[in-house]
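# Chain and residue survey
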Amino acid sequence: MSNRKKVRRLVGLTTLNLIFLIICIVTLVPILYAVTLSLSGSGGALSSGLTFIPETPTLDNYRAILMDEPFLLWLKNSAILSVGTMIVAMGTAVTAAYAFSRYQFRGRKAVLQILLILNAFPQILSMFAIFRLFRTFHLLNSYIGLIIVYAGSMCIFSIWNMKGYFDTIPVEIEEAAQIDGASGRQILTRIVLPLARPAIIVTAVMVLIYVWNEYLFSTTFMMDESSYTLAGGLYQLQSNDYSRSWPLFSAASILVSIPILIVFFCIQKYMISGLTAGGVKG
């Protein structure tokens, strides 16, 4: 490689890195401002100018959220819904995705296409019908009812993502296990699932994040104050014009984000392989 090409390549990489750095900084500005606002006093949002260093840092907003507001109750409700939905959705989607990937049966492509079409419609279109059904079967203000809605909507994404990953696993591995006398259950649990661990983990976390941040259904079907999720609770903090406090809201938002950030950093090594490999085949 000539010196001119080396210089051109170095300039190109440097420019690209600078662009990425600027994008990261711009993206972090709202987050940094929210952290600053959460550490400010009650009048921090009304101060003139944009600053990332609070004049008088304080943890009163975090104390107020944890002590004066039912934040831990909202956290418990969100955790139950998120984990429950993840278990139901993944327990159904893993076996369905494996069946769609490995078995040829009548209506296979039609079912996949119907699932894809159903996923294209906005969920809000079915809200009224679901509300009537829930009221008839006494599922309002119920974890079970909301988990059914969440699991039903996230199963489609989970099936398609994991089917694509199962397609990348060579069939010859399973055929060799069959020759050695392994049953279908043993092939699935001891060979296929360990190989598909990145896709399963990433898909499960995507389901978890969706439920954790979901607002519309949680505030519609969980109408009792003791049933509010984190999204519904955050809305209640800002619903009253007289008690509205942006520093308090910012502190609550930061606390809500911490569990998801911890989960993300724990599984980030699976993110690239779990998402890209699941999207290359269908």
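Up top is the structure.
Quick notes on the rules
Residues numbered from 1 in each chain as written. Predicted model: local features only at pLDDT ≥ 70, side-chain atom pairs only at ≥ 80, totals over all residues. Heavy atoms only, no water. Helix = DSSP H or I, 4+ residues; strand = E, 2+ residues; numbered from the N terminus. Buried < 20%, exposed > 50% of the residue type's maximum accessible area, 1.4 Å probe, protein only. Contact = heavy atoms within 4.5 Å. Patch = residues over 30% accessible without salt bridge, like charges linked within 9 Å, V, L, I, M, F, W, Y side chains within 5 Å. Areas by Shrake-Rupley, 256 points an atom, 1.4 Å probe, with all protein chains shown as cover. Salt bridge = Lys/Arg side-chain N within 4 Å of Asp/Glu carboxyl O. Phe/Tyr/Trp six-rings, centres within 6.5 Å; stacked < 30°, edge-to-face > 60°. Axes fitted to C-alpha atoms, helices over the stretch in contact; angles between N-to-C directions. Parallel < 35°, antiparallel > 145°, perpendicular 65-115°, else oblique. Left-handed = near helix turned anticlockwise from the far one by under 90°. Nonpolar A, V, L, I, M, F, W, Y, C, P; charged D, E, K, R; others polar.

### Looking at the overall build of the chain
Helix and strand counts for the chain come out as twelve helices and zero strands. With 282 residues in all, the chain has 37% of them scored as buried. Contacts in the chain between residues far apart in sequence, at least 24 positions, make up 75% of those at least 6 positions apart.

### Some remarks on a nonpolar patch on the surface
Taken together, the side chains of Ile 117, Phe 121, Ile 124, Leu 125, Tyr 215, Leu 216 and Tyr 235 make up a nonpolar region of the molecular surface, amounting to roughly 720 Å² of accessible area. Here Tyr 215 lies in the loop between α9 (197–213) and α10 (216–221). A residue is classified by how much of its surface remains accessible, and Tyr 215, at 34% relative accessible area, is partly exposed.

### Quick notes on the packing of aromatic side chains
Any aromatic ring pair is given by two values, namely how distant the centres are and how the planes are angled relative to each other. Here the structure, examined in full by the defined rule, presents ten aromatic pairs. With a centroid separation of 6.1 Å and an interplanar angle of 90°, the aromatic rings of Tyr 98 and Tyr 103 are classed as edge-to-face. Residue classification places Tyr 98 among the buried positions, given a relative accessible area of 9%. Ring geometry for Tyr 150 against Tyr 210: centres 5.9 Å apart, planes inclined by 85°, an arrangement best described as edge-to-face. Placement of Tyr 150 in helix α6 (residues 143–168) and of Tyr 210 in helix α9 is noted, with a sequence separation of 60 residues between them.

### Things to note about the packing of helix α3 (residues 71–102) against α6
The relative placement of two packed helices comes down to the angle between their axes together with the axis-to-axis distance. Relative orientation of the contacting elements α3 and α6 amounts to 40°, with a least axis distance of 6 Å. Overall, the two elements α3 and α6 adopt an arrangement that is oblique. Relative to α6, α3 is oriented so that their crossing is right-handed. The class makeup of the residues in the contact of α3 with α6 is 20 nonpolar, six polar and four charged.

In short, the description is geometric, and any link to function would need to be established separately.
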